[in-house]
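Given next are the chains, with one letter for each unit.
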Amino acid sequence: MAAPMHVRPDVTQKGYEIIGDLRTDALHEALERAPIEDDALLALTMIAFAGENVSVTSAAPNNYHSASTMARLIAGLIKDDGTLNLERDILQQTGRSLLRHVLSCQINRTNSGLAARIAGQAIGADSFLPNMGTDEFLSCLSRSAMEGTAKLASVHVLQKVKDTRSALVKRFTDTEFVHPSALFALRPDELAGWIGSKEQSWSSQDEGESEVMDEAPSADGTETAVEQPADEATAEGGNADD
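Residues numbered from 1 in each chain as written. Predicted model: local features only at pLDDT ≥ 70, side-chain atom pairs only at ≥ 80, totals over all residues. Heavy atoms only, no water.

(A) Representation of the layout of surface pockets in the model. There is about 690 Å³ of room inside the second largest pocket. Forming the walls of the second largest pocket are 16 residues, and the residues nearest its centre are Leu99, Arg100, Leu103, Ile123 and Ala125. Elements represented by at least two residues in the lining of the second largest pocket include exactly helix H4 (88–102) and helix H5 (114–122). Classifying every residue of the lining of the second largest pocket by side-chain character gives eleven nonpolar, three polar and two charged. (1 Å grid on protein atoms, 1.4 Å probe; cavity = no way out; pocket = protein on both sides within 12 Å on 5 of 7 lines; lining within 4 Å. Points joined across faces, edges and corners; volume = space filled by probe spheres on them. Helix = DSSP H or I, 4+ residues; strand = E, 2+ residues; numbered from the N terminus. Nonpolar A, V, L, I, M, F, W, Y, C, P; charged D, E, K, R; others polar.)

Written as structure tokens, this is what we have:
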């Protein structure tokens, strides 16, 4: 019995790799130069989160973070014929749901960093913070911070910290208390760091574009390699005042 004849596919794997490169270049050029309406740009930004190269560790229930989950979140933006659904209600609902799954201020692997704080300040999330005048939170304050809070709340500072804390808990039973450190607005040093990172990012991008031009073949067909500067990473840390 003769072996089955191997049929060469219409396009080989190498051909699809070339197509992928060409599509990517065309997509990037279109995103830079093609006219895009605001609603379409918003929808495309949300759709990008469903990309298979995007991973999001979420603080939402069940820790949604897979591409398939994100695809379900943005499914309403795609019509049956593959075109965009730009209905205002759909954009609003999808945007809110997506941002809830992406942004987090929790101090764990879901932390979005300053991006979540900036978002919170932009939409007035401070007004949704709960009463922090509880024994659980107040026990996290240092003695000096506790006494400072007591003075601001017109609560008499007692000899024992736990007694002052109990008095504060009682004081905040009838009124809301939000510790200043919980507010979303960035501190001046955080804002300066954010602006500095943004400026560094734009500078790096400009340098990258310059390097691409520098690496273009010269008249004699040779290329000039440009050494790229190493990126410097900064880490922010803090410790609690016990």
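Here the narrative resumes.
(B) Local environment of the pattern of salt bridges. Throughout the structure, instances matching the rule amount to seven salt bridges. A salt bridge links Arg143 to Glu147; the nearest nitrogen and oxygen atoms lie 3.1 Å apart. Of this pair, Arg143 and Glu147 both sit in helix H7 (residues 143–152), separated by four residues, roughly a single helical turn. For Arg187, the salt bridge goes to Glu190, with nearest N and O atoms at 3.1 Å. For Arg187, a relative accessible area of 42% corresponds to the partly exposed category. Take Glu190: its relative accessible area is 7%, and that puts it in the buried class. Salt bridges here are not isolated pairs; linked through shared partners, they connect Arg117, Arg187, Asp189 and Glu190. (Salt bridge = Lys/Arg side-chain N within 4 Å of Asp/Glu carboxyl O. Buried < 20%, exposed > 50% of the residue type's maximum accessible area, 1.4 Å probe, protein only.)

(C) Fine view of a nonpolar patch on the surface. A cluster of nonpolar side chains, Leu27, Leu31 and Leu44, forms an exposed patch at the surface whose accessible area comes to about 260 Å². The topology assignment puts Leu31 in helix H1 (residues 13–33). Taking relative accessible area as the criterion, Leu31 reaches 47% and is therefore assigned partly exposed. (Patch = residues over 30% accessible without salt bridge, like charges linked within 9 Å, V, L, I, M, F, W, Y side chains within 5 Å. Areas by Shrake-Rupley, 256 points an atom, 1.4 Å probe, with all protein chains shown as cover.)

All quantities given are derived from atomic positions and should not be read as evidence of function.
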